[in-house]
Amino acid sequence: MKPAPFLYHVPDTLEEALSLANQYGYDAKLIAGGQSLVPTMNFRLAQPAVLIDLNRIQSLSYIKVDDSEEDASMKDETKSLRIGAMTRQRVIERSDIVARHTPLLHDTMPYIAHVQIRNRGTIGGSIAHADPAAELPAVARTVGARLKVQSVQGIRWIRAEDFYVALFTTELLPEEVLVEIEVPSIGERSGWSVQEVSRRQGDYAMAGATALLTLDEMGCCKEVKITYLSVGDGPVPATQAEQTLLGTEPTSDAILAAAEVAATRDVEPTSDIHASATYRRHLVKVLTKRVLEEAVSRANGK
(Lines give C-alpha, C1' and ligand atoms only; values in the text may rest on other atoms or scores of the structure.)
Protein backbone atom coordinates (compact mmCIF):
# COMPACT_ATOMS: atom_id res chain seq x y z
CA MET A 1 0.00 0.00 0.00
CA LYS A 2 0.93 3.64 -0.30
CA PRO A 3 0.59 6.37 2.33
CA ALA A 4 -2.16 8.97 2.15
CA PRO A 5 -1.12 12.33 0.61
CA PHE A 6 0.84 14.65 2.90
CA LEU A 7 2.94 17.81 2.88
CA TYR A 8 6.66 17.19 3.32
CA HIS A 9 9.09 19.58 5.03
CA VAL A 10 12.84 19.05 5.50
CA PRO A 11 14.16 21.76 7.86
CA ASP A 12 17.91 22.38 8.04
CA THR A 13 17.92 23.63 11.63
CA LEU A 14 16.20 22.81 14.90
CA GLU A 15 14.68 26.30 14.94
CA GLU A 16 13.00 25.65 11.60
CA ALA A 17 11.67 22.30 12.83
CA LEU A 18 10.27 23.87 16.00
CA SER A 19 8.57 26.58 13.96
CA LEU A 20 6.96 23.99 11.71
CA ALA A 21 5.85 21.87 14.66
CA ASN A 22 4.31 24.95 16.26
CA GLN A 23 2.59 25.87 13.00
CA TYR A 24 1.00 22.50 12.24
CA GLY A 25 0.51 21.03 15.73
CA TYR A 26 -1.55 17.84 15.77
CA ASP A 27 -1.64 17.69 11.96
CA ALA A 28 2.10 17.00 11.78
CA LYS A 29 4.32 14.02 12.50
CA LEU A 30 8.06 14.16 13.05
CA ILE A 31 10.12 11.59 11.18
CA ALA A 32 13.56 10.57 12.43
CA GLY A 33 14.74 7.13 11.30
CA GLY A 34 11.28 6.30 9.96
CA GLN A 35 11.57 2.61 10.82
CA SER A 36 8.27 2.65 12.74
CA LEU A 37 6.40 5.57 11.19
CA VAL A 38 6.79 4.72 7.50
CA PRO A 39 5.26 1.20 7.76
CA THR A 40 2.26 2.54 9.68
CA MET A 41 1.81 5.25 7.04
CA ASN A 42 2.03 2.69 4.24
CA PHE A 43 -0.76 0.69 5.91
CA ARG A 44 -2.61 3.99 6.54
CA LEU A 45 -2.73 3.31 10.25
CA ALA A 46 -1.18 6.78 10.52
CA GLN A 47 -2.24 9.52 8.12
CA PRO A 48 -0.47 12.75 9.07
CA ALA A 49 -1.29 15.77 6.96
CA VAL A 50 2.30 17.02 7.33
CA LEU A 51 5.60 15.22 7.70
CA ILE A 52 8.57 17.08 9.26
CA ASP A 53 11.83 15.30 8.44
CA LEU A 54 14.59 15.84 11.04
CA ASN A 55 17.39 14.10 9.16
CA ARG A 56 19.21 17.26 8.05
CA ILE A 57 19.54 18.59 11.60
CA GLN A 58 23.09 17.50 12.38
CA SER A 59 23.08 19.28 15.75
CA LEU A 60 20.78 16.58 17.15
CA SER A 61 23.26 13.74 16.55
CA TYR A 62 25.97 13.38 19.22
CA ILE A 63 27.24 11.41 22.20
CA LYS A 64 29.10 13.35 24.84
CA VAL A 65 29.97 13.35 28.52
CA ASP A 66 28.38 16.27 30.30
CA ASP A 67 30.79 18.76 31.85
CA SER A 68 28.64 21.85 31.66
CA GLU A 69 27.23 21.58 35.17
CA GLU A 70 30.01 19.73 36.94
CA ASP A 71 33.38 20.77 38.29
CA ALA A 72 36.18 19.88 35.92
CA SER A 73 37.97 18.02 38.71
CA MET A 74 35.17 15.44 39.00
CA LYS A 75 35.86 11.93 37.83
CA ASP A 76 34.65 11.18 34.32
CA GLU A 77 32.51 8.29 35.60
CA THR A 78 30.40 10.60 37.80
CA LYS A 79 29.17 12.75 34.94
CA SER A 80 26.03 12.21 32.90
CA LEU A 81 25.97 11.00 29.34
CA ARG A 82 24.12 13.20 26.85
CA ILE A 83 22.85 11.69 23.61
CA GLY A 84 21.25 13.68 20.84
CA ALA A 85 17.82 12.42 19.86
CA MET A 86 18.84 11.87 16.22
CA THR A 87 21.79 9.65 17.13
CA ARG A 88 21.51 6.37 15.23
CA GLN A 89 21.05 3.23 17.28
CA ARG A 90 23.98 1.56 15.54
CA VAL A 91 26.26 4.44 16.56
CA ILE A 92 25.24 3.97 20.19
CA GLU A 93 25.79 0.22 19.89
CA ARG A 94 29.39 0.75 18.72
CA SER A 95 30.24 3.61 21.09
CA ASP A 96 32.96 2.98 23.68
CA ILE A 97 31.70 6.01 25.63
CA VAL A 98 28.23 4.47 25.99
CA ALA A 99 29.70 1.08 26.91
CA ARG A 100 31.75 2.67 29.68
CA HIS A 101 29.19 5.08 31.12
CA THR A 102 25.87 3.28 30.52
CA PRO A 103 26.54 -0.40 29.84
CA LEU A 104 22.86 -1.35 30.13
CA LEU A 105 22.02 0.89 27.17
CA HIS A 106 25.01 -0.49 25.26
CA ASP A 107 24.02 -4.12 25.91
CA THR A 108 20.42 -3.47 24.88
CA MET A 109 21.14 -2.26 21.36
CA PRO A 110 21.74 -5.71 19.73
CA TYR A 111 18.26 -6.80 20.87
CA ILE A 112 16.65 -4.10 18.71
CA ALA A 113 15.45 -5.62 15.42
CA HIS A 114 18.31 -6.10 12.92
CA VAL A 115 21.46 -4.18 12.00
CA GLN A 116 19.77 -2.65 8.95
CA ILE A 117 17.05 -1.20 11.19
CA ARG A 118 19.55 0.09 13.75
CA ASN A 119 21.53 1.80 10.98
CA ARG A 120 18.56 4.09 10.41
CA GLY A 121 16.63 4.02 13.67
CA THR A 122 17.34 6.74 16.24
CA ILE A 123 17.27 6.68 20.03
CA GLY A 124 14.91 9.65 20.19
CA GLY A 125 12.54 8.22 17.61
CA SER A 126 12.16 4.95 19.50
CA ILE A 127 11.67 6.64 22.87
CA ALA A 128 9.12 9.12 21.51
CA HIS A 129 7.23 6.49 19.48
CA ALA A 130 6.43 4.67 22.76
CA ASP A 131 5.93 1.20 21.34
CA PRO A 132 5.23 -1.07 24.37
CA ALA A 133 7.32 -3.81 22.72
CA ALA A 134 10.35 -1.54 22.22
CA GLU A 135 13.46 -1.93 24.35
CA LEU A 136 14.59 1.70 24.64
CA PRO A 137 11.57 3.08 26.57
CA ALA A 138 12.08 0.35 29.20
CA VAL A 139 15.81 1.03 29.42
CA ALA A 140 15.23 4.78 29.71
CA ARG A 141 13.08 4.20 32.80
CA THR A 142 15.51 1.70 34.34
CA VAL A 143 18.60 3.92 34.01
CA GLY A 144 16.77 7.00 35.29
CA ALA A 145 17.06 8.98 32.06
CA ARG A 146 15.83 12.54 31.68
CA LEU A 147 14.37 13.71 28.39
CA LYS A 148 14.94 17.22 27.07
CA VAL A 149 12.06 18.48 24.95
CA GLN A 150 11.92 21.81 23.17
CA SER A 151 9.36 24.05 21.48
CA VAL A 152 9.29 27.67 20.36
CA GLN A 153 8.18 28.48 23.92
CA GLY A 154 11.33 27.01 25.46
CA ILE A 155 12.85 23.88 27.01
CA ARG A 156 11.54 21.48 29.62
CA TRP A 157 12.86 18.25 31.14
CA ILE A 158 10.76 15.13 31.71
CA ARG A 159 11.84 12.07 33.67
CA ALA A 160 11.54 8.89 31.61
CA GLU A 161 9.39 7.28 34.31
CA ASP A 162 6.87 10.14 33.89
CA PHE A 163 7.06 10.31 30.10
CA TYR A 164 4.77 7.40 29.17
CA VAL A 165 1.04 7.95 29.63
CA ALA A 166 -0.76 5.17 27.71
CA LEU A 167 -0.46 2.99 24.62
CA PHE A 168 1.69 4.92 22.10
CA THR A 169 1.02 8.07 24.15
CA THR A 170 3.57 10.27 25.92
CA GLU A 171 3.82 13.63 27.70
CA LEU A 172 5.27 15.14 24.52
CA LEU A 173 3.07 17.99 23.24
CA PRO A 174 2.35 18.27 19.50
CA GLU A 175 4.51 21.39 19.16
CA GLU A 176 7.45 19.86 21.04
CA VAL A 177 10.50 17.96 19.77
CA LEU A 178 12.52 15.49 21.83
CA VAL A 179 16.08 16.80 21.41
CA GLU A 180 18.26 15.01 23.99
CA ILE A 181 18.44 12.06 26.35
CA GLU A 182 20.46 12.52 29.55
CA VAL A 183 21.58 9.29 31.23
CA PRO A 184 23.37 9.10 34.60
CA SER A 185 26.63 7.16 34.50
CA ILE A 186 26.69 3.84 36.32
CA GLY A 187 27.94 4.05 39.90
CA GLU A 188 30.28 1.88 41.91
CA ARG A 189 29.04 -1.54 43.06
CA SER A 190 26.32 -1.41 40.42
CA GLY A 191 25.17 -4.19 38.13
CA TRP A 192 22.88 -4.35 35.14
CA SER A 193 21.19 -6.82 32.83
CA VAL A 194 18.81 -7.01 29.89
CA GLN A 195 17.07 -10.22 28.81
CA GLU A 196 14.17 -11.02 26.50
CA VAL A 197 12.43 -13.94 24.84
CA SER A 198 11.37 -13.82 21.19
CA ARG A 199 10.49 -16.45 18.61
CA ARG A 200 13.38 -15.48 16.34
CA GLN A 201 16.31 -13.10 16.63
CA GLY A 202 15.16 -9.63 15.64
CA ASP A 203 11.46 -10.31 16.29
CA TYR A 204 9.53 -8.28 18.82
CA ALA A 205 9.95 -9.87 22.23
CA MET A 206 7.08 -11.79 23.80
CA ALA A 207 8.47 -10.36 27.05
CA GLY A 208 11.62 -8.58 28.10
CA ALA A 209 13.19 -7.28 31.30
CA THR A 210 15.87 -4.73 32.19
CA ALA A 211 17.46 -4.26 35.61
CA LEU A 212 19.94 -1.95 37.29
CA LEU A 213 20.87 -2.20 40.97
CA THR A 214 23.44 -0.83 43.38
CA LEU A 215 24.71 -2.61 46.49
CA ASP A 216 25.83 -0.91 49.70
CA GLU A 217 28.96 -1.84 51.65
CA MET A 218 27.04 -4.60 53.45
CA GLY A 219 25.97 -6.19 50.17
CA CYS A 220 22.34 -5.10 50.44
CA CYS A 221 20.31 -3.44 47.68
CA LYS A 222 20.64 0.31 48.03
CA GLU A 223 18.92 1.05 44.72
CA VAL A 224 17.11 -1.19 42.26
CA LYS A 225 15.09 -0.59 39.09
CA ILE A 226 13.37 -3.29 37.03
CA THR A 227 11.31 -2.51 33.92
CA TYR A 228 9.51 -4.78 31.47
CA LEU A 229 8.56 -4.55 27.82
CA SER A 230 5.81 -6.31 25.84
CA VAL A 231 3.68 -6.94 28.94
CA GLY A 232 1.58 -3.78 29.07
CA ASP A 233 0.66 -0.53 27.32
CA GLY A 234 4.18 0.83 27.76
CA PRO A 235 7.29 0.22 29.81
CA VAL A 236 6.02 -1.53 32.96
CA PRO A 237 7.87 -0.89 36.25
CA ALA A 238 8.27 -3.70 38.77
CA THR A 239 7.39 -1.35 41.61
CA GLN A 240 6.43 -3.95 44.20
CA ALA A 241 9.24 -6.34 43.31
CA GLU A 242 11.70 -3.48 43.71
CA GLN A 243 10.34 -2.75 47.18
CA THR A 244 10.85 -6.33 48.30
CA LEU A 245 14.56 -6.07 47.45
CA LEU A 246 15.43 -2.64 48.83
CA GLY A 247 17.51 -2.86 51.99
CA THR A 248 17.88 -6.63 51.78
CA GLU A 249 20.68 -8.92 50.63
CA PRO A 250 19.82 -10.20 47.14
CA THR A 251 20.18 -13.90 47.89
CA SER A 252 18.76 -16.59 45.62
CA ASP A 253 15.66 -16.83 47.81
CA ALA A 254 15.18 -13.05 47.81
CA ILE A 255 15.51 -12.91 44.04
CA LEU A 256 13.03 -15.75 43.57
CA ALA A 257 10.56 -14.01 45.89
CA ALA A 258 10.92 -10.75 43.96
CA ALA A 259 10.37 -12.60 40.67
CA GLU A 260 7.16 -14.12 42.05
CA VAL A 261 5.91 -10.70 43.18
CA ALA A 262 6.69 -9.21 39.77
CA ALA A 263 4.82 -11.94 37.90
CA THR A 264 1.75 -11.93 40.11
CA ARG A 265 1.41 -8.30 41.24
CA ASP A 266 3.42 -5.94 39.02
CA VAL A 267 2.24 -6.93 35.55
CA GLU A 268 -1.16 -7.37 33.90
CA PRO A 269 -0.27 -8.82 30.50
CA THR A 270 -2.79 -9.58 27.79
CA SER A 271 -3.02 -12.44 25.32
CA ASP A 272 -2.42 -12.10 21.59
CA ILE A 273 -1.41 -14.27 18.65
CA HIS A 274 2.17 -14.41 19.93
CA ALA A 275 1.68 -15.44 23.56
CA SER A 276 -1.01 -15.89 26.19
CA ALA A 277 -1.21 -13.74 29.30
CA THR A 278 -0.36 -16.81 31.41
CA TYR A 279 2.77 -17.49 29.39
CA ARG A 280 3.84 -13.85 29.62
CA ARG A 281 3.53 -13.99 33.41
CA HIS A 282 5.73 -17.07 33.36
CA LEU A 283 8.28 -15.21 31.22
CA VAL A 284 8.25 -12.25 33.60
CA LYS A 285 9.11 -14.54 36.50
CA VAL A 286 11.89 -16.29 34.59
CA LEU A 287 13.36 -13.09 33.15
CA THR A 288 13.23 -11.26 36.49
CA LYS A 289 15.25 -14.02 38.08
CA ARG A 290 17.77 -13.96 35.24
CA VAL A 291 18.31 -10.20 35.14
CA LEU A 292 18.60 -9.89 38.90
CA GLU A 293 21.10 -12.73 39.15
CA GLU A 294 23.27 -11.22 36.44
CA ALA A 295 22.99 -7.70 37.85
CA VAL A 296 23.97 -8.88 41.34
CA SER A 297 26.92 -10.81 39.94
CA ARG A 298 28.16 -7.73 38.10
CA ALA A 299 27.63 -5.52 41.13
CA ASN A 300 29.87 -7.91 43.06
CA GLY A 301 32.56 -7.55 40.42
CA LYS A 302 32.09 -10.94 38.80
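Our structure is the block above this text.
Only a predicted model underlies this, so the values are computations on that prediction, with no experimental measurement involved. (Residues numbered from 1 in each chain as written. Predicted model: local features only at pLDDT ≥ 70, side-chain atom pairs only at ≥ 80, totals over all residues. Heavy atoms only, no water.)

Draft legend 1. Spatial organisation of the overall build of the protein chain. Across its full length, the protein chain carries 12 helices and 14 strands. At 19 Å, the protein chain has a C-alpha radius of gyration in line with the 19 Å of a compact globule built from 302 residues. Dimensions of the protein chain, computed from C-alpha atoms along their principal axes, come out at roughly 60 × 55 × 30 Å. The burial tally for the protein chain puts 49% of its 302 residues in the buried class. Put simply, the protein chain shows about 14700 Å² of open surface, and 50% of that area lies on carbon and sulfur atoms. Positive and negative side-chain charges in the protein chain, numbering 32 and 40 respectively, have mean positions lying 5 Å apart. (Helix = DSSP H or I, 4+ residues; strand = E, 2+ residues; numbered from the N terminus. Rg over C-alpha atoms; globule rule 2.2 N^0.38 Å. Buried < 20%, exposed > 50% of the residue type's maximum accessible area, 1.4 Å probe, protein only. Areas by Shrake-Rupley, 256 points an atom, 1.4 Å probe, with all protein chains shown as cover. Lys, Arg positive; Asp, Glu negative; His and termini not counted. Charge placed at Lys NZ, Arg CZ, Asp CG, Glu CD.)

Draft legend 2. Examining helix H12 (residues 277-299) more closely. Between its first and last C-alpha atoms H12 spans 32 Å; for 23 residues at 1.5 Å apiece the expected length is 33 Å, and the two agree. Listed in full, the buried residues belonging to H12 are Ala277, Arg280, Leu283, Val284, Leu287, Thr288, Val291, Leu292, Ala295, Val296 and Ala299. Of the surrounding secondary structure, the elements contacted by the buried residues of H12 are strand E11 (190-197), strand E12 (207-215), strand E13 (221-229), helix H10 (239-245) and helix H11 (252-266). (Expected span 1.5 Å × (residues − 1). Contact = heavy atoms within 4.5 Å.)

Draft legend 3. Examining the packing of H11 against H12 more closely. Where H11 meets H12, the axes come as close as 8 Å, and the angle between the chain directions of the two elements is 145°. When you trace H11 past H12, the crossing you get is right-handed. Listed contacts from H12 to Ile255, Leu256, Ala258, Ala259, Glu260, Ala262, Ala263 and Thr264 of H11 are Arg281, Val284, Lys285, Thr288, Lys289, Leu292, Glu293 and Val296. A breakdown of the residues in the contact of H11 with H12 according to their chemical character gives nine nonpolar, two polar and five charged. (Axes fitted to C-alpha atoms, helices over the stretch in contact; angles between N-to-C directions. Left-handed = near helix turned anticlockwise from the far one by under 90°. Nonpolar A, V, L, I, M, F, W, Y, C, P; charged D, E, K, R; others polar.)

Draft legend 4. Spotlight on unusual backbone geometry. Positive phi, normally seen in glycine, also occurs at Ala113, with a value near 45°. For Phe168, which is not glycine, the phi torsion reads 55° and is therefore positive. If you trace the backbone, Phe168 turns up in the loop between strand E8 (164-166) and strand E9 (169-170).

Draft legend 5. Examining the side chain of Glu180 more closely. Assignment of secondary structure puts Glu180 in strand E10 (residues 177-183). Within polar-contact distance, the side chain of Glu180 engages the side chain of Arg82 at 2.5 Å. If we ignore the near neighbours within four places in the chain, the residues touching Glu180 are Tyr62, Arg82, Ile83, Ala85, Arg146, Leu147, Lys148 and Trp157. (Polar contact = N/O pair within 3.5 Å; in protein donor to acceptor, adjacent residues only side chain to side chain.)

Draft legend 6. A look at the pattern of salt bridges. With the rule as written, the count across this model stands at 18 salt bridges. The closest approach of N and O atoms between Arg200 and Asp203, which form a salt bridge, is 3.0 Å. Among the residues examined, Asp203 registers a relative accessible area of 22% and is labelled partly exposed. Measuring nitrogen to oxygen at the nearest pair gives 2.8 Å for the salt bridge that ties Glu293 to Lys289. You can see Glu293 and its partner Lys289 sitting in helix H12, four residues apart, about one turn around the helix. The exposure class of Glu293 is partly exposed, given its relative accessible area of 35%. (Salt bridge = Lys/Arg side-chain N within 4 Å of Asp/Glu carboxyl O.)

Draft legend 7. Expanded view of helix H8 (residues 135-142). Across the eight residues of H8, eight count as buried, placing the element largely inside the fold. Three or more residues of H8 are buried, namely Glu135, Leu136, Pro137, Ala138, Val139, Ala140, Arg141 and Thr142. Looking at the residues trailing H8, positive phi occurs at Gly144, about 75°.

Draft legend 8. Geometry of the packing of aromatic side chains. Scanning all chains against the criterion turns up one aromatic pair. Between Phe163 and Tyr164, the ring centres sit 5.1 Å apart and the planes meet at 85°, which makes this aromatic pair edge-to-face. Of the two residues examined, Phe163 and Tyr164, each falls in the buried class. The ring of Tyr62 has Lys64 sitting right over it, with the charged end atom 4.9 Å from the ring centre. The side chain of Arg146 reaches across the aromatic face of Trp157, ending 4.2 Å from its centre. (Phe/Tyr/Trp six-rings, centres within 6.5 Å; stacked < 30°, edge-to-face > 60°. Lys NZ or Arg CZ within 6 Å of the ring centre and 35° of its normal.)

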